[in-house]
Amino acid sequence: MNKIRQTLLYIFSDFFAAAFAWTLFFLLRKKYIDVYFMKFSNEISFDKNYVYGLIIIPSMWVLLYYINGYYKNIYRKSRLIELIQTCILTLFGTLIIFFALLLDDNINSYFSYYKSIFLLFSIHFLSTYIPRAIITNITNYKIHKRILQFPTLLVGSNEKAKQLYERMQSKKRSSGNAFIGFVNVIQQESYVLNQFMPHLGHIDDIKQVFKKYDIEEVIIAIESKEHQYIEHILYKLEGVTATIKAIPDNCDIVSGRVQMTSLHDEPLMIISRNPMPAWQENTKRMIDVLVSVLVLIICSPLYIFTALGVKLSSPGPVFYRQIRIGRYGRPFRIFKFRSMYVGAEKQGIALSKENDSRITPFGKFLRKSRLDEIPQFYNVLIGEMSLVGPRPERKYFIEQILPIAPQFVLLHRVRPGITSWGQVKYGYAKNVDEMIERLKYDIIYIENMSLYLDVKILIYTIKTVLLGKGL
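Being a predicted model, the structure only gives us computed values, none of them experimental. (Residues numbered from 1 in each chain as written. Predicted model: local features only at pLDDT ≥ 70, side-chain atom pairs only at ≥ 80, totals over all residues. Heavy atoms only, no water.)

Engineer: Is there a simple way to think about helix α9 (residues 278–298) in this case?
Structural biologist: Because an α-helix packs 3.6 residues into every turn, residues spaced three or four apart end up facing the same way. In this model, α9 (21 residues) spans 30 Å end to end at C-alpha, consistent with the 30 Å of a helix rising 1.5 Å per residue. Taken together, the buried positions of α9 are Gln280, Glu281, Asn282, Thr283, Lys284, Arg285, Asp288, Ser292 and Val295. (Helix = DSSP H or I, 4+ residues; strand = E, 2+ residues; numbered from the N terminus. Expected span 1.5 Å × (residues − 1). Buried < 20%, exposed > 50% of the residue type's maximum accessible area, 1.4 Å probe, protein only.)

Engineer: Hey, could you run me through the pairing of strand β4 (residues 217–220) in this one?
Structural biologist: Every other side chain in a regular strand lies on the same face of the sheet, so the side chains alternate between the two faces. Residues Glu217 and Ile219 point to one face of β4 and Val218 and Ile220 to the other, with burial holding for every one of them. Pairing geometry for strand β1 (residues 150–155) and β4, over four bridges, is parallel. Within β4, the position partnered with threonine 152 by the bridge is glutamate 217. Across four bridges, β4 lies against strand β5 (residues 243–246) in parallel orientation. Looking at β5, one finds that isoleucine 220 is bridged to alanine 246. With helix α8 (residues 230–237) bridging β4 and its parallel neighbour β5, the resulting β-α-β unit is right-handed. (Pairing = 2+ DSSP bridges. Right-handed = clockwise from strand over helix to strand, strands pointing away.)

Engineer: How do you make sense of the environment of phenylalanine 125 when you look at a structure like this?
Structural biologist: Within the secondary structure, phenylalanine 125 is located in helix α5 (residues 111–144). If we skip the residues at most four places from it in the chain, phenylalanine 125 touches Leu83, Thr86, Cys87 and Thr90. (Contact = heavy atoms within 4.5 Å.)

Engineer: Sorry if this is basic, but what is going on with the pattern of salt bridges here?
Structural biologist: Opposite charge on two side chains permits pairing when their charged atoms draw close. In this structure the tally under the stated criterion is 15 salt bridges. Glutamate 217 is the salt-bridge partner of lysine 245, the closest N and O atoms lying 3.1 Å from each other. Within this pair, whereas lysine 245 is found in strand β5, its partner glutamate 217 is found in strand β4, the two being separated by 28 residues in sequence. Here glutamate 217 falls in the buried class, since its relative accessible area comes to 3%. (Salt bridge = Lys/Arg side-chain N within 4 Å of Asp/Glu carboxyl O.)

Engineer: In this structure, what is going on with the nonpolar core? I would like to understand it.
Structural biologist: Where a protein is soluble and globular, its nonpolar side chains tend to be buried together. Core analysis: the biggest nonpolar cluster contains 40 residues, and Phe337 and Tyr445 have the highest contact counts within it. Among the elements that line this core, the one with the most residues is helix α15 (residues 432–447), at six residues. Ignoring sequence-local partners within four residues, the contact set of phenylalanine 337 consists of Tyr303, Thr306, Ala307, Val310, Val318, Phe319, Leu366, Leu371, Asp372, Ile374 and Pro375. Listed in part, the 25 residues of the second largest apolar core include Ile57, Leu64, Ile74 and Ile143. (Core = buried A, V, L, I, M, F, W, Y, C linked by side-chain atoms within 4.5 Å.)

Engineer: Looking at this structure, I do not really get the packing of aromatic side chains. What am I missing?
Structural biologist: How two aromatic rings sit relative to each other is given by the distance of their centres and the angle of their planes. According to the stated counting rule, one finds 20 aromatic pairs in the structure shown. On the basis of an interplanar angle of 80 degrees and a centroid distance of 5.8 Å, the ring pair of phenylalanine 335 and tyrosine 378 is categorised as edge-to-face. Of this pair, phenylalanine 335 sits in strand β9 (residues 331–337) while tyrosine 378 is found in helix α12 (residues 376–381), placing the two residues 43 residues apart along the sequence. Aromatic pair tyrosine 396 and phenylalanine 397: ring centres 5.1 Å apart, planes at 85 degrees, arrangement edge-to-face. Under the relative-accessibility criterion, tyrosine 396 is labelled partly exposed at 39%. Under the relative-accessibility criterion, phenylalanine 397 is labelled buried at 5%. Linked through ring pairs, Tyr10, Trp61, Tyr65, Tyr70 and Tyr71 together constitute an aromatic cluster. (Phe/Tyr/Trp six-rings, centres within 6.5 Å; stacked < 30°, edge-to-face > 60°.)

And the structure:
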């Protein structure tokens, strides 16, 4: 399955639907609604307002759909929700266009405004929804006929998993789940599911299973005696990008926001791992990109000053690159202005501490003012980091933290940030114990993530930097 191709299909459909709707609205409004306009012109001309609209308006519609989260879960769309969502967003977008572009037009009467709104809404809704409905219906047909399937892993190995498998396989209309195999929770000599699908290992091996089989969905179907392991199962599933579902019996013991769904009369529960609503998450990403571009451009003279300071303070490169662990547990290369002498960790990996002799004189200023973090706006721009999020750590320290605080894996649900609530409240950690102490602030942040909280953290961080207090 090609998710990118399917997403682009929806995007192009929406874009051209918006362009068609704007063109048709422009023609019909000038000819049948705006009688005042026709008194002064016998023919309809495609003026500059039309051209500007044809370029800008379809792009704005696609942006609105993106912010709302329409282009997520493109293979699992509810036709009823799609209808309601398209209707609400069309009304919202129509009102924006009306107040931004149409309100100051010359008209014969105010009744023309109402007719214009109704006409634009009707044309845009039909132009957008009909192609969407066609694409969604074709996709659902392929899923039901097992033409389109999703590699699925069963967590569970005995009677409940077997019953679930048999019920789903016996249905005439497929739910799209192609069962690759199962992993067990409790070690046994033999498993009931052995006769139906391959045994791929223990729950502790699940990350290796994901890498090997490209799993897209996970269904938790464990026995009552295995309920005590549910927290362990969820920790092991942290960082995976697959959709996670569970049989309803587990509803009262699984954590996080849970949504009911129905796979053709087989009820399963979706375990949502998204800390923010889709529109807030997408808006957060847009803010990240916009702010990063502005900072990288506006602060370019500051980079030159900082680079010269680093170069003159001690021999070595201007930038310091280090592998950190980011969202979904994926490693990435973080960029910073170098604040330590070259070879500072020859004696072993260690966190910085007060009066650290490894830090250059200019490096102390950089750390105090947080200027050493500025290159990370590039990491934010390319999507590896965010402006606000838990600070990314090195694998070396994560391996020390996990045996003591396994909840650390929860931080990998989100992009790491240049600044965080943990850093605002606690500051830089000087050892693993302090990292664990700071962890509780970052987990609370994730459980309460919102644009409002991000703004508060950014304001506090900026205030701290301007006052030169460091963090």
